[in-house]
Amino acid sequence: MTADTVLLLIIDGVSDRPCPELGNLTPLQAAATPVLDRIAAEGICGIMDTIAPGIRPGSDTSHLSLLGYSPGEYYTGRGPLEAVGTGIMMKPGMIGFRCNYATLDAAGKVSDRRAGRIRDTADLTRAVMDGVDLSDFGIAVMFRSGTGHRAALAFQGRGLGACVSSNDPKKHGLVPPPFRPLRDTPADGKTAEALNSFVRQADAILADHPLNRDRESRGLLPANTILIRGAGEMGDFPPFSERYGLSGSVIAAATLINGIGAAVGLRRVPVKGATGSTTTNLSGKVEAVLAELETQDFVLLNIKGADEAGHDGDAVGKRDFIERIDSAIEPFLSVEGLLIVVCSDHSTPCSIRDHSADPVPLVIRGNGVRTDAVGSFDEIACAGGGLNRIPGSALMPIICDLINRTTKYGA
Ligand code: ZN
Ligand code: ZN
């Protein structure tokens, strides 16, 4: 008997280095994790270079790699994936961008890159979407709100390039620079001009918008401009279901991860209270996974908060969040016929507050899967396991083999 459904649990950035605050243990070693340790004891462990040894992965490139879409071939920038994540139907060839609502002062300088961390931008986004017209460029515009001050933009039209600069000065007190083509091509020039026109028109709409007037009257910063970056052309992703013969869902708080899932054809399952931080609704996500496993072959669950703690350099907070994850995932242990795969997308060591290329721990547990001598789930113990050290591109082939969905190579 082999497992027939798969849970791929990616604990974002959970992998770490020794932390002095934790007696030189990693947060995974320091945390009390009876559930993860049981999965390790009953499964096969290893460590994994999600892209390749020495490559510091982004969350986007590493998730693509783990799903079997080589980032070298499929990654064209964050913008188009963020756009998919906000619900824009991105077709191959469309250009996508990440956006922030921001605040300009009376002199036209950026006074807050996040517009006072504005929350509900739906009315502003609708006004921009309805008011901006780029038909002179032959461009159809799609603009959608993301979480908080974030949004995404997409252009559809002929002869558009994605090699353009950003208007985000990255610092406060500077005037947003105009968009420029980064190569001397008509296509990049056209996109840059269209972006300049988009921002001019959007600024005029936002300046007079009642929601901004109301914010100013309450002493809040107006969201009176849009900063745009991460331009990229939408790639052509062969659907996950065709590639592996598996139906699947994605459950994640981050727009980017939802976008990657949706780009390869996974079903997006929104969860109330899933925030991507350490205060996220873990039990809601676990319930959503259990419900999806009733009908889907494969579920990708991303839990983001440990990455945030790593970026904050908060080793103790990371350890404590790992303990919360551990107790939340216990219901997975008793799902019949489930292959449980737990790993991380990259290390986010508290000591460097950024991603690193250190390999991540990995465990696979399910019917018929071999075991090894590893009895705890952490970076050091897993390195002694039966999977040894594998590249992220090997993960889906190994999973497909363990659930008997692989065909023989040769006779
Ligand atoms: Zn990540
Ligand atoms: Zn990160």
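Our structure is the block above this text.
Here the structure is a predicted model, which means the values were calculated and not measured. (Residues numbered from 1 in each chain as written. Chains lettered and ligands numbered in written order. Predicted model: local features only at pLDDT ≥ 70, side-chain atom pairs only at ≥ 80, totals over all residues. Heavy atoms only, no water.)

## Focus: the environment of Phe-237
Structurally, Phe-237 is set in the loop between strand E7 (225-233) and helix H9 (240-244). Residue class for Phe-237 comes out buried when judged on its relative accessible area of 9%. A C-alpha to C-alpha distance of 16 Å links Phe-237 and Ile-88, two positions 149 residues apart in sequence. Leave out the neighbours within four places in its chain, and Phe-237 touches Leu-64, Tyr-69, Tyr-74, Leu-81, Ala-263 and Val-264. (Helix = DSSP H or I, 4+ residues; strand = E, 2+ residues; numbered from the N terminus. Buried < 20%, exposed > 50% of the residue type's maximum accessible area, 1.4 Å probe, protein only. Contact = heavy atoms within 4.5 Å.)

## Quick look at the coordination of the zinc ion (ligand 2)
Around the zinc ion (ligand 2), the protein supplies Asp-307 (OD), Asp-307 (OD), His-311 (NE2) and His-355 (NE2) as donor atoms, at distances of 2.0 to 2.5 Å. Its four donor atoms give the zinc ion (ligand 2) angles of 55 to 145 degrees at the centre, a pattern that matches the irregular case. The sequence motif formed by the donor residues of the zinc ion (ligand 2) is D-x3-H-x43-H. The metal-metal distance between the zinc ion (ligand 2) and the zinc ion (ligand 1) is 4.6 Å. In this pair, Asp-307 and His-311 both sit in helix H12 (residues 305-311), four residues apart, roughly one turn of the helix. For Asp-307, a relative accessible area of 4% translates into the label buried. Relative accessible area serves as the criterion here: at 29%, His-311 is assigned to the partly exposed category. (Donors = N, O, S within 2.8 Å, 3.2 Å for Na, K, Ca; no water. Tetrahedral: all angles 85-135°; square planar, octahedral: opposite > 155°, others 65-115°.)

## Side note on empty space enclosed by the protein
A water-sized probe rolled over the atoms picks out the places where empty space is left. Scanning the model with the defined rule gives two cavities of 30 Å³ or more in all. Its boundaries defined by the atoms lining it, the largest cavity holds a volume of some 70 Å³. Considering the residues around the largest cavity, the lining is formed by Glu-82, Thr-86, Arg-98, Cys-99, Asn-100, Gly-146, Thr-147, Arg-150, Ala-151, Arg-229 and Thr-255. For the lining of the largest cavity, the class distribution of residues is two nonpolar, five polar and four charged. Approximately 40 Å³ is the volume attributed to the second largest cavity. As for the second largest cavity, its lining consists of 14 residues, of which Asp-49, Thr-50, Pro-57, Ala-357 and Asp-358 are closest to the centre. Of the residues that constitute the lining of the second largest cavity, the class distribution is eight nonpolar, four polar and two charged. (1 Å grid on protein atoms, 1.4 Å probe; cavity = no way out; pocket = protein on both sides within 12 Å on 5 of 7 lines; lining within 4 Å. Points joined across faces, edges and corners; volume = space filled by probe spheres on them. Nonpolar A, V, L, I, M, F, W, Y, C, P; charged D, E, K, R; others polar.)

## A short note on the environment of Tyr-69
For Tyr-69, the position within the fold is in the loop between helix H3 (59-66) and helix H4 (71-74). Between the alpha carbons of Tyr-69 and Val-250 there is a distance of 16 Å; along the sequence they are 181 residues apart. Here Tyr-69 is in contact with Leu-64, Tyr-74, Phe-237, Pro-238, Pro-239, Phe-240, Arg-243 and Val-264, once residues within four sequence places are set aside. Of note is the side chain of Tyr-69, whose polar atom sits 2.6 Å from the backbone oxygen of Pro-238. (Polar contact = N/O pair within 3.5 Å; in protein donor to acceptor, adjacent residues only side chain to side chain.)

## Observations concerning the nonpolar core
In this structure, Phe-237, Phe-240, Phe-298, Leu-339, Val-341, Leu-362 and Leu-395 are the most contacted members of the largest nonpolar core, which totals 49 residues. Both of domain 1 (5-72 + 236-402) and domain 2 (82-233) provide at least three residues apiece to this core. Each residue touching Val-341, except ones within four places of it in the same chain, is listed here: Val-6, Leu-7, Leu-8, Leu-9, Leu-362, Val-363, Ile-364, Leu-395 and Ile-399. (Core = buried A, V, L, I, M, F, W, Y, C linked by side-chain atoms within 4.5 Å. Domains from an automatic or database assignment.)

## Overview of the pairing of strand E8 (residues 248-251)
Side-chain alternation along E8 places Gly-248 and Val-250 on one buried face and Ser-249 and Ile-251 on a second face that is also buried. Between the parallel pair E8 and strand E9 (residues 267-268), the chain is carried across by helix H10 (residues 255-263), and the sense of this crossover is right-handed. (Right-handed = clockwise from strand over helix to strand, strands pointing away.)

## Points about helix H13 (residues 315-328)
Relative to the 20 Å expected for 14 residues at 1.5 Å per residue, H13 spans 20 Å between its end C-alpha atoms, a close match to the ideal helical length. Buried within H13 we find Ala-315, Lys-318, Phe-321, Ile-322, Ile-325, Asp-326 and Ala-328. With its buried residues spanning 160 degrees around the axis, H13 presents them on a single face. (Expected span 1.5 Å × (residues − 1). Arc of directions from axis to C-beta.)

## Digging into the sheet that holds strand E10 (residues 298-303)
Within a beta sheet, neighbouring strands are joined by backbone hydrogen bonds and run either parallel or antiparallel to one another. Ordered in space as E9-E8-E10-E1-E11-E12-E2-E13, the eight strands form an open sheet in which the pairing is mixed. Of all the strands in the sheet, the pair left with one neighbour each is E9 and strand E13 (388-391). Where strand E11 (residues 338-343) and strand E12 (residues 360-365) come together, three bridges link them in antiparallel fashion. Among the inter-strand pairings, Val-342 is bridged to a residue of E12, identified as Val-363. (Pairing = 2+ DSSP bridges.)

## Observations concerning unusual backbone geometry
The phi dihedral of Asn-24 falls on the positive side, at around 65 degrees, and the residue is not glycine. Note that Asn-24 resides in the loop between strand E1 (5-11) and helix H1 (27-30). Even without being glycine, Arg-117 reaches a positive phi, approximately 50 degrees. Among the structural elements, Arg-117 can be located in the loop between strand E4 (110-112) and helix H6 (122-131). Arg-117 gets classed as exposed once you look at its relative accessible area, which sits at 54%.

## Quick word on a negative patch on the surface
Residues Glu-21, Glu-308, Asp-312 and Asp-314 make up a contiguous surface patch of negative charge. In this fold, Asp-312 is placed in the loop between H12 and H13. (Patch = residues over 30% accessible without salt bridge, like charges linked within 9 Å, V, L, I, M, F, W, Y side chains within 5 Å. Areas by Shrake-Rupley, 256 points an atom, 1.4 Å probe, with all protein chains shown as cover. Salt bridge = Lys/Arg side-chain N within 4 Å of Asp/Glu carboxyl O. Lys, Arg positive; Asp, Glu negative; His and termini not counted. Charge placed at Lys NZ, Arg CZ, Asp CG, Glu CD.)

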